[in-house]
Amino acid sequence: TATVAPGTATGTVEFKDGATSLGTVPVVGGMASLSVPLLPNGIHPSTAIYSGDDCFATSTSDILNQDVRDEDAPVVTVISPNGGEVFFVGATYKLVWTATDDKVVTSVDLLLSRNEGATYETISLGEPNDGSYVWTTTGPGANVDANPVFKALFKVVAHDGAGNTGEDVSNNKFAIFDLATESL
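Thresholds applied
- Residues numbered from 1 in each chain as written.
- Predicted model: local features only at pLDDT ≥ 70, side-chain atom pairs only at ≥ 80, totals over all residues.
- Heavy atoms only, no water.
- Buried < 20%, exposed > 50% of the residue type's maximum accessible area, 1.4 Å probe, protein only.
- Helix = DSSP H or I, 4+ residues; strand = E, 2+ residues; numbered from the N terminus.
- Pairing = 2+ DSSP bridges.
- Phe/Tyr/Trp six-rings, centres within 6.5 Å; stacked < 30°, edge-to-face > 60°.

Asks: It is not clear to me how the pairing of strand β15 (residues 165–169) should be interpreted in this structure. Could you clarify?
Replies: What you see with β15 is a clean split: G166 and D168 sit on the buried side and T165, E167 and V169 on the side with no burial. Both strand β14 (residues 150–160) and β15 contribute to a ladder of 5 bridges, which runs antiparallel. Each residue of the ladder has a partner; that of V157, found in β15, is E167. Hairpin connection of β14 to β15: 4 residues between the antiparallel strands, including G163 at a positive phi of 90 degrees.

Structural data, given as structure tokens:
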């Protein structure tokens, strides 16, 4: 926000980040405000340039160094599998999640635990945050006979442009079932 005195002044104010124009807005009641989302982390030398009008000359503010820090991690929710499902080795299933951020989620990593969360293996890294991924279920299954064993967990880790991460894991375990093991 820039304040232009006197309050009867008209014209516009251009806001700049260094040499880059962020936008130009009209002066209303001696004030000009511009909302700018998505500035990257770091120091931004900001200035406001008043255009002047028939009665008042142009003017440029002193530089104000804005220190921008995105410290908010993305928020992630695993939708599916979220517990109780049985995935068959070799079959394809849609893995589903939501991931949001106060700025933007730049990518997500998809991980699988076959041992109740003790360790995780990679399904895919650096995926776009489009909310789903079609996965062909890989073995081994956890079953030793015809009964499914519920030990698997799905984890999504979301990344934002500032390097913050947020994650969620299936609320309950699901089964990876190998039909070849069942027939032994």
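Asks: Mind showing me how you'd approach the packing of aromatic side chains here?
Replies: For any two aromatic rings, the description comes down to two numbers: the centre-to-centre distance and the angle of the planes. A full pass over the atoms with the stated rule returns 4 aromatic pairs. Plain terms: the ring middles of F87 and W135 are 6.4 Å apart, the flat faces sit at 45 degrees to each other, and that makes the pair tilted. Note that F87 is positioned in strand β9 (residues 86–88) and W135 in strand β13 (residues 132–136), a separation of 48 residues in sequence. By relative accessible area, which is 7% here, W135 ends up buried. Ring geometry for F88 against F177: centres 5.5 Å apart, planes inclined by 75 degrees, an arrangement best described as edge-to-face. Residue F88 is found in strand β9, and its partner F177 is found in strand β16 (residues 174–177); the two are separated by 89 residues along the sequence. Assessed through its relative accessible area of 33%, F88 is described here as partly exposed. Taken together through their ring pairs, the aromatic side chains of F87, Y93, W135 and F174 make up a single cluster.

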